[in-house]
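Next come the chains, spelled out residue by residue.
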Amino acid sequence: MQKKQNREPEAHGKLGASLARVLLLPESSLTGSVRIECNANREAVVEGCGGILEYHDALIRLTAGKMVLRFTGRGLSIGGMSQGCAVVTGIIESIEFVT
């Protein structure tokens with residue numbers, strides 16, 4: 001007897017990606033995933049951001065799914081924020097993932 005393979009998570013991922021393209025939203029906003037793209041240590045684009053918990057020039061904490069992202073550095077600011085996406089700019093010294 002063969003076991004059925006559960007492909008449900010894969011199907012949800014494809015559906016989320018397709019729906020995100022149609023709605024012109026970041027895929028992470030529908031799938032609950034988080035994506036961070038860093039441009040050297042001067043900028044980090046966070047897709048899947050749920051909101052701002054703390055905001056100072058040396059520390060920024062963001063909610064992202066079931067995690068909290070903690071950026072530390074100098075001259076930090078949020079250069080832009082839209083639905084599900086935030087851009088952290090400044091001199092980023094560390095990024096921590098707190099669960």
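Below or above, wherever it landed, is the structure these notes cover. Note that this is a predicted model, so its numbers are computed, not measured. (Residues numbered from 1 in each chain as written. Predicted model: local features only at pLDDT ≥ 70, side-chain atom pairs only at ≥ 80, totals over all residues. Heavy atoms only, no water.)

## Some points on the pattern of salt bridges
Then comes step 1: Going through the model one piece at a time under the given rule, you end up with 5 salt bridges.
Then comes step 2: R70 is the partner of E96 in a salt bridge, and the nearest nitrogen-oxygen pair spans 2.8 Å. Of this pair, E96 sits in strand β6 (residues 85-98) while R70 is found in strand β5 (residues 67-82), placing the two residues 26 residues apart along the sequence.
Then comes step 3: Judged by relative accessible area, E96 falls into the partly exposed class, the value being 34%.
Then comes step 4: Given a relative accessible area of 29%, R70 falls into the partly exposed group.
Then comes step 5: Measuring nitrogen to oxygen at the nearest pair gives 2.7 Å for the salt bridge that ties R74 to E93. With R74 in strand β5 and E93 in strand β6, this pair connects stretches of sequence that are 19 residues apart.
Then comes step 6: One salt-bridge network, held together by shared partners, links R35, E37 and E47. (Salt bridge = Lys/Arg side-chain N within 4 Å of Asp/Glu carboxyl O. Helix = DSSP H or I, 4+ residues; strand = E, 2+ residues; numbered from the N terminus. Buried < 20%, exposed > 50% of the residue type's maximum accessible area, 1.4 Å probe, protein only.)

## Comments concerning the side chain of T72
Then comes step 1: When you line up the elements, T72 lands in strand β5.
Then comes step 2: The exposure class of T72 is buried, given its relative accessible area of 17%.
Then comes step 3: At 2.3 Å, the side chain of T72 and the side chain of S94 are in polar contact.
Then comes step 4: When neighbours within four sequence positions are excluded, T72 is seen to be in contact with A58, L59, I91, I92, E93 and S94. (Polar contact = N/O pair within 3.5 Å; in protein donor to acceptor, adjacent residues only side chain to side chain. Contact = heavy atoms within 4.5 Å.)

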